[in-house]
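# Tertiary structure, described
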Protein chains: 2
Amino acid sequence: MKKILVVGLGLIGGSLAMALQGFEDYEVVGAVRSQSTYDKAAARHAADRITFDHAAELPGADVVILCQDPAGIIAFLQEHRNRFKPGCLIWDVCGVKTAVMEASRCLPEGVDFIGCHPMAGKEVSGIDNAEGTLFRNTHFIVTPGPGATPEHLDLLRRMADWCQFGDVIETTPERHDEMIAYTSQLMHVIAVSVCDNDELFSCEGFEGGSFRDCTRVAALDPAMWTQLFTLNAPALSKMVSELEERIHQYRTAIENNDRETLSAMLSHASSRKKQINLERARGDDVHPKF
Amino acid sequence: MKKILVVGLGLIGGSLAMALQGFEDYEVVGAVRSQSTYDKAAARHAADRITFDHAAELPGADVVILCQDPAGIIAFLQEHRNRFKPGCLIWDVCGVKTAVMEASRCLPEGVDFIGCHPMAGKEVSGIDNAEGTLFRNTHFIVTPGPGATPEHLDLLRRMADWCQFGDVIETTPERHDEMIAYTSQLMHVIAVSVCDNDELFSCEGFEGGSFRDCTRVAALDPAMWTQLFTLNAPALSKMVSELEERIHQYRTAIENNDRETLSAMLSHASSRKKQINLERARGDDVHPKF
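Below is a short write-up of the structure. Throughout this description, residue numbers start from 1 for each chain and increase along the sequence as written. Each chain gets a letter, beginning with A, and each ligand a number, beginning with 1, in the order they are written. Where totals are concerned, whole chains, interfaces and linings use all residues; where local detail is concerned, this predicted model gives features only for residues with pLDDT of at least 70, and gives and counts side-chain atom pairs only at 80 or more. As a rule here, side-chain values cover all heavy atoms of the structure and leave hydrogens and water aside.

Let's shift gears to the pairing of strand 8 (residues 167-170) of chain A. We call two strands paired when DSSP finds no fewer than two bridges between them. Note on conventions: DSSP H or I runs of at least 4 residues are helices, E runs of at least 2 residues are strands, and numbering of each starts at the N terminus. Taken together, the 4 bridges between strand 7 (residues 139-144) of chain A and strand 8 of chain A define a ladder with parallel strand orientation. Bridging from a neighbouring strand, A:F140 pairs with A:V168 of strand 8 of chain A.

This is the structure in structure tokens:
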């Protein structure tokens, strides 16, 4: 029997370990650090087997899935680079790809690292909230390095299929990081910025769905998002700067009571959104969760 | 039999006319302007009776509900100020309250205007999308003027109850406009600003739920939102300015790789959001829709 080692059974790792059980002829082993996660993972049968000793599992693991935060993944690759099984496939799940692809250069030849980013999540974290159906109909982004073998890419697609991802999107780490700065990181900057307003606690009764939706992701893990933001600083900074500029243009038009400019800006943006809605409705039925 | 006249059968007016049917001993009459709305409203039985001639209905209407855009409401009050039935109750549904309350000063004594804002909606408009259940468990904000009678306020509460609003929140027009600038208008400025980015059409496959949620309301009606923004310019401008400042602070920390500041800012904002989530979960089961 072959072995998949999932390192870290948080929301994503726990959900992956659940989703992957029964995949081909693989045993799914989950590696944890705390007794409390061990107990919860065991109670929920999050993996075929759960262990504290990831180092002992590495030499026999055909697939290693790194589900820590970015700094944890980078440190893990460095620390264990000579323990991986020759010919094995390692993939990760974190939200920045250039930095982890660079870190993976420390790996010996024959150990294949493919950067991955499942576009799934929840506004709550931990094994308590993990579920095997988390990835259903979401995007699975992969950023293979130049040395990625066709066999490993094929294996990765079969795993994605087994987990019921809606599609697999292959791109470069740089393109991933640019796009994610826009579609995900910027949304988190906005959400926390809105929640920093003095009125947050006095606006009860006045919130509509738009407020709830926009601020949903503000309940984030500060340590992890500090890493994600700083590891993608150039791309994110560009996106934030463009948003600042655009918001400032709206403010200027509003303050000047410039209805013509305001109406033209709103027409432009809303017609773009309506067009995207139409394209997406035609295009596919993939419903990203996070 | 008494009469409720709903002026304008768009998304909100159409949904109110549907929801109010059967309320006490009132006939619900819907006033429309176009043949196409007439036909659709008739086919869906949106009201007990539908008419093109709102002016003829006014002298016999005990309750008049104005469901046009803000400029339409203000113009209607001015134009028909001497046609309303003495002792009647007029209320409106638009998203700014100071401007309509001021406009209502043109009404003769004994005609009672109460500003209202049902915190319900959809990202699509028109009678096609109206439904009688739209208001279920949403907030109903009312801003009575100094002359509002207890009888009319009580009648309004019974109507809100019949429409299954989750709660009725009484406040001043000024406070309403301040809060709505934060919880609703700012969310719309953000959504359109995000959609104005060049990457909107190239980011397919990279959007998660946070992107979809944040941009949902960008598919707005430009003419109406130009009015809403400019009629609430001072409050909205203050909110946009505060957001600009906060977003800029994030960018500065990201560009300077200042992990300590970034982590402190993220901790502060996320803990506020987590606290609000807890309070809201304890507090009530009112789920605003827009």
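All names here are of chain B. Reading across the sheet, the 8 strands line up as 3-2-1-4-5-6-7-8 and stay open at both edges, with mixed pairing between neighbours. The sheet is open, and its two borders are formed by strand 3 (49-51) and strand 8 (167-170), each paired with just one other strand. Strand after strand, the sheet turns through a mean of 25 degrees between neighbouring axes, direction not considered. Contact between two residues is taken to exist if any of their heavy atoms lie within 4.5 Å; hydrogens are not considered. Axis definition: a line fit to C-alpha positions, over the contact stretch in the case of helices; interaxial angles, taken between N-to-C directions, run 0 to 180 degrees. Helix-sheet contacts for helix 6 (residues 150-162) involve strand 1 (2-7), strand 2 (26-31), strand 4 (63-66), strand 5 (89-92), strand 6 (112-118), strand 7 (139-144) and strand 8, and the interaxial angle to strand 5 is about 50 degrees.

Turning our eyes to something else, we now look at the sheet that holds strand 4 (residues 63-66) of chain A. All names here are of chain A. Reading across the sheet, the 8 strands line up as 3-2-1-4-5-6-7-8 and stay open at both edges, with mixed pairing between neighbours. Single-partner strands in this sheet number two, and they are strand 3 (49-51) and strand 8. Between one strand and the next, the sheet's axes are offset by a mean angle of 25 degrees, whatever the strand orientation. The sheet contact formed by strand 4 and strand 5 (residues 89-92) spans 4 bridges and is parallel. Paired with L66 across the two strands is D92, which belongs to strand 5. Lying on the sheet, helix 4 (residues 70-80) is in contact with strand 1 (2-7), strand 4, strand 5 and strand 6 (112-118); it crosses strand 4 at an angle near 145 degrees.

What follows concerns the nonpolar core. Counting 126 residues, the largest nonpolar core has A:F84, A:I90, A:I190, B:F84, B:I90 and B:I190 as its most contacted members. Look past the residues within four positions of B:I90 in its chain and what remains in contact with it is B:V64, B:L66, B:L77, B:F84, B:L107, B:V111, B:D112, B:F113 and B:I114. Residues belong to a common nonpolar core when they are buried Ala, Val, Leu, Ile, Met, Phe, Trp, Tyr or Cys residues joined through side-chain atoms within 4.5 Å. The classification of residues rests on relative accessible area computed with a 1.4 Å probe and restricted to protein chains. Under 20% of the type maximum is buried, over 50% is exposed, and intermediate values are partly exposed.

What follows concerns the relation of the copies chain B and chain A. Superposing chain B onto chain A requires a rotation of 180 degrees together with a translation of 0.0 Å along the rotation axis, leaving an RMSD of 0.0 Å. Both copies of the chain, as the preceding transformation shows, are related through a two-fold rotation axis. Residue B:C214 of chain B places its C-alpha closer to the rotation axis than any other residue of that unit, at 2.3 Å. We place the copies in one frame by least squares, fitting the C-alpha atoms of every residue whose pLDDT is at least 70 in both.

We now examine the pattern of salt bridges. All names here are of chain A. Any Lys or Arg side-chain nitrogen located within 4 Å of an Asp or Glu carboxyl oxygen qualifies as a salt bridge. Taken as a whole and assessed by the stated rule, the structure comprises 40 salt bridges over all chains. The partner of R175 in a salt bridge is E178, and the shortest N-O contact between them spans 3.4 Å. In this pair, R175 and E178 both sit in helix 7 (residues 173-195), 3 residues apart, roughly one turn of the helix. Residue R175 is classed as partly exposed on the basis of its relative accessible area, which comes to 26%. Overall, E178 belongs to the partly exposed group, its relative accessible area being 36%. Across the salt bridge formed by R251 and E255, the nearest N and O atoms sit 3.1 Å from each other. Taken together, the positions of R251 and E255, both in helix 10 (residues 233-255) and 4 residues apart, correspond to about one turn of that helix. Shared partners join several salt bridges into a network, and the residues in it are K3, E27, R49 and E57.

Read these as spatial facts, not as claims about activity.
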